[in-house]
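Observations on the model geometry
One-letter residues, chain by chain:
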Amino acid sequence: FYGDAEKDQGIQTSMDARFYHASSSFDSFSNEGKTLVLQFTVKHEQKLDCGGGYIKLFPTGLKQKTFNGDSKYYIMFGPDICGYSTKKVHVIFNYKGDNKLIKKEIACKDDEYTHLYTLILRPDNTYEVKINNERVEGGSLEED
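Described in the following lines is the structure provided in the data block.

Turning our eyes to something else, we now look at the sheet that holds strand 1 (residues 36-43). Strands sit in the order 1-7-8-9 across an open sheet of four strands; the sheet is antiparallel. Every other strand in the sheet has two partners, leaving strand 1 and strand 9 (134-140) as the edge strands with one partner each. Across the sheet, the mean angle from the axis of one strand to that of its neighbour is 15 degrees, orientation sign disregarded.

And the structure:
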């Protein structure tokens, strides 16, 4: 189903266990004193053995033609599925050069439907994770 077939396009991958990526640049910004919301949809059209669908917020100056899975990022957010044991939502922040995964386990959806993933970061250093616009986790960035 498409609301608008031209606007409602996404990335469709063809092989399992492969690294696919796309990037788009935008003007530098600061969310100091403001709420930041990262939101996107993921649809795994076949049963997924191992893979993920993340959004990464990179620093200004990223060389888009050569970036890869090891490129430095500020935030990584999205579902990760690997076998039967790993089915979680990653919420990772880079703090002083180290990637810090929140301590809470957040289960991701592992079916073949489209799901909306939302990360809300507030100026008081709290966060909230929503799946399909329902709160599934949240807390303090410093404690979690």
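Turning to the side chain of His 90, a few remarks are in order. Take His 90: it is sitting in strand 5 (residues 86-95). Looking at His 90, its side chain comes within polar contact range of the side chain of Asp 80, at 3.1 Å.

What follows deals with the nonpolar core. With 20 residues, the main nonpolar core has Ile 75, Phe 77, Val 89, Val 91, Tyr 117, Leu 119 and Val 129 as its most contacted residues. Going through the elements one at a time, strand 1, strand 4 (75-82), strand 5, strand 7 (114-121) and strand 8 (126-131) are the ones with two or more residues in this core. Phe 58, Tyr 73, Met 76 and Ile 92 belong to the second-largest nonpolar core, a separate cluster that totals five residues.

On to the side chain of Glu 137. Mapping Glu 137 onto the fold places it in strand 9. A polar contact is formed between the side chain of Glu 137 and the side chain of Lys 104, at a distance of 3.3 Å. Residues within four places of Glu 137 in sequence aside, it is in contact with Lys 104, Ile 106, Tyr 127, Glu 128 and Val 129.

In terms of strand pairing, strand 4 meets strand 5 through eight bridges, oriented antiparallel. Directly across from Gly 78, in strand 5, lies its bridge partner His 90. Looking at chain direction, strand 5 and strand 6 (residues 98-101) are connected through four bridges and run antiparallel. In the strand pairing of strand 6, Phe 93 is matched with Lys 100.

With six of eight residues buried, strand 7 lies mostly within the body of the structure. In this sheet, strand 7 lies alongside strand 1 in antiparallel orientation, the contact comprising eight bridges. Note that in strand 7 the partner of Val 37 across the bridge is Ile 120. Of the strand pairs in this sheet, strand 7 and strand 8 are connected by five bridges, and their pairing is antiparallel. Note on strand 8: the bridge partner recorded for Thr 118 is Lys 130.

Thresholds, definitions, all that
Residues numbered from 1 in each chain as written. Predicted model: local features only at pLDDT ≥ 70, side-chain atom pairs only at ≥ 80, totals over all residues. Heavy atoms only, no water. Pairing = 2+ DSSP bridges. Helix = DSSP H or I, 4+ residues; strand = E, 2+ residues; numbered from the N terminus. Axes fitted to C-alpha atoms, helices over the stretch in contact; angles between N-to-C directions. Polar contact = N/O pair within 3.5 Å; in protein donor to acceptor, adjacent residues only side chain to side chain. Core = buried A, V, L, I, M, F, W, Y, C linked by side-chain atoms within 4.5 Å. Buried < 20%, exposed > 50% of the residue type's maximum accessible area, 1.4 Å probe, protein only. Contact = heavy atoms within 4.5 Å.

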